[in-house]
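Here is what each chain is made of, one letter per residue.
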Amino acid sequence: MSKILIGLLTLVFALNATEIYATFTVTAEKKAMLAFDASGIVQKVNYGVSSSVTKGAVLASLINADSEAKLQSAKTVLKFAKKDYERQLKVKDLIDEGKFDQYAFKYENAKNQLSIAQAQYDKTYLKAPFDGVIYEKNIEIGDTVSALMLKTVFKIQSKHRRKLILEFDQKYHKSVKVGQNFRYGVDGDDKEYRGIIMKVYPFANSGNRKIKAEVKAEDFIVGLFGEGYITTPDAK
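This write-up is about the structure you can find in this document. (Residues numbered from 1 in each chain as written. Predicted model: local features only at pLDDT ≥ 70, side-chain atom pairs only at ≥ 80, totals over all residues. Heavy atoms only, no water.)

## Brief notes about helix α2 (residues 65–90)
Link 1 in the chain: Here α2 spans 38 Å end to end across 26 residues, near enough to the 38 Å set by a 1.5 Å rise per residue.
Link 2 in the chain: Turning to α2, its buried residues are S67, L71, A74, L78, A81 and Q88.
Link 3 in the chain: In this fold, the buried residues of α2 make contact with α3 (97–122). (Helix = DSSP H or I, 4+ residues; strand = E, 2+ residues; numbered from the N terminus. Expected span 1.5 Å × (residues − 1). Buried < 20%, exposed > 50% of the residue type's maximum accessible area, 1.4 Å probe, protein only. Contact = heavy atoms within 4.5 Å.)

So, in structure tokens, the structure goes:
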């Protein structure tokens with residue numbers, strides 16, 4: 001295709017394109033409110049507000065000597081239950097089937113008890129569910145937490161990745177599509193940015209007669225407000 005033809009097609013598109021006004025707020029691509037799913041006293045707090053963490057990092061832990069002792073006991077029980085089972089397996093054809101089943105049951109039950117003990121022990125550690133940054137902390141060493149009354153102790157969000165949650169007039173519901181361009185500005189920033197519509201929500205808000213859409217972005221402060229224009233071939 002010649003450069004002249006490309007230029008003509010670009011001009012035709014520009015003449016027929018319409019820009020739809022939209023406002024937006026900046027949100028994190030991922031965010032989570034974290035709480036201990038166990039009861040106990042906080043022993044360590046390893047991170048604070050603005051700390052960058054990797055997935056699986058231990059954010060805080062509870063005093064867990066009792067849980068650790070139960071875990072070690074379950075490991076010991078399994079160790080000897082396995083030995084008993086393996087000994088009986090060698091002479092399975094020479095012993096009563098019911099007696100062999102008892103050893104098999106003890107071995108399987110020991111494995112299950114170890115899984116339970118491990119799960120209870122793991123609950124004494126609160127870990128980051130994804131790479132991110134801590135933006136709120138409500139926990140200190142010595143605090144008491146309860147599994148019966150869950151309390152958010154950390155709030156975490158993705159470190160760099162953001163979503164712009166756009167709102168535009170519902171009358172353009174047939175015009176705005178995934179893949180269209182969005183040029184915008186953020187309050188307090190003179191620079192013009194550009195993005196692509198990644199998602200259009202399948203419903204309209206009956207209260208304000210607006211439809212939402214999403215645009216990916218990076219590094220903006222969560223909660224900022226902005227406005228811009230969605231470029232569509234035809235917004236009639």
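Picking up where we left off.
## Re the sheet that holds strand β4 (residues 52–53)
The strands that make up a sheet are held in pairs by hydrogen bonds between backbone atoms, and each pair lies either parallel or antiparallel.
Link 1 in the chain: An order of β2-β9-β7-β4 is seen for the four strands of this open sheet, with the pairing classed as antiparallel. Every interior strand has two partners, whereas the edge strands, β2 (31–34) and β4, have only one.
Link 2 in the chain: Examined bridge by bridge, β4 and strand β7 (residues 132–137) share two bridges and lie antiparallel to one another. Bridged to S52 within β7 is V133. (Pairing = 2+ DSSP bridges.)

## With respect to the sheet that holds strand β10 (residues 161–169)
Link 1 in the chain: The strand order around the closed barrel formed by six strands is β1-β10-β13-β12-β11-β14, and the pairing between neighbours is antiparallel. Pairwise comparison of adjacent strand axes, ignoring direction, gives a mean angle of 40 degrees for this sheet.
Link 2 in the chain: Summarising the sheet, strand β11 (residues 181–186) and strand β14 (residues 225–232) pair through six bridges and their orientation is antiparallel. The residue of β14 that forms the bridge with G185 is E227. (Axes fitted to C-alpha atoms, helices over the stretch in contact; angles between N-to-C directions.)

## Notes on unusual backbone geometry
Link 1 in the chain: Positioned with a positive phi, R209 is a non-glycine residue whose angle comes to about 60 degrees.
Link 2 in the chain: As for its position among the elements, R209 is in the loop between β12 (193–205) and β13 (210–218).
Link 3 in the chain: The phi dihedral of D219 falls on the positive side, at around 70 degrees, and the residue is not glycine.
Link 4 in the chain: Here D219 is to be found in the loop between β13 and β14.

## Digging into the environment of L71
Link 1 in the chain: Checked against the element boundaries, L71 lands in helix α2.
Link 2 in the chain: Sequence-wise, L71 and A117 are 46 residues apart; in three dimensions their C-alpha atoms are separated by 5.0 Å.

## Quick word on α3
Link 1 in the chain: Over its 26 residues, α3 runs 38 Å from end to end, which matches the ideal 38 Å to within 8%, given 1.5 Å per residue.
Link 2 in the chain: Buried residues of α3: F100, A104, Y107, A110, L114, A117 and Y121, and no others.
Link 3 in the chain: In the core, the buried residues of α3 are packed alongside α2 and β6 (125–127).
Link 4 in the chain: A side-chain oxygen of the first residue of α3 lies 2.9 Å from the backbone nitrogen of G98; this N-cap is D96. (Polar contact = N/O pair within 3.5 Å; in protein donor to acceptor, adjacent residues only side chain to side chain.)

## Re the packing of aromatic side chains
Link 1 in the chain: Enumeration according to the criterion identifies 11 aromatic pairs in this entry.
Link 2 in the chain: Plain terms: the ring middles of Y85 and F100 are 5.7 Å apart, the flat faces sit at 40 degrees to each other, and that makes the pair tilted. With a gap of 15 residues between them, Y85 in helix α2 and F100 in helix α3 connect regions that are remote in the sequence.
Link 3 in the chain: According to the relative accessible area criterion, F100 is buried, its value standing at 7%.
Link 4 in the chain: Look at F182 and Y184: their rings are 5.2 Å apart centre to centre, the planes differ by 15 degrees, and that puts the pair in the stacked class. Take F182 and Y184: they sit in the same class, and that class is buried.
Link 5 in the chain: Here the aromatic residues F24, F182, Y184, Y193 and F220 are joined through ring pairs into a cluster of three or more.
Link 6 in the chain: It is K106 that lies over the ring of Y103; its NZ or CZ is 5.9 Å from the centre. (Phe/Tyr/Trp six-rings, centres within 6.5 Å; stacked < 30°, edge-to-face > 60°. Lys NZ or Arg CZ within 6 Å of the ring centre and 35° of its normal.)

## Quick notes on the pairing of β7
Link 1 in the chain: In terms of strand pairing, β7 meets strand β9 (residues 154–157) through four bridges, oriented antiparallel. Each residue of the ladder has a partner; that of K137, found in β9, is F154.

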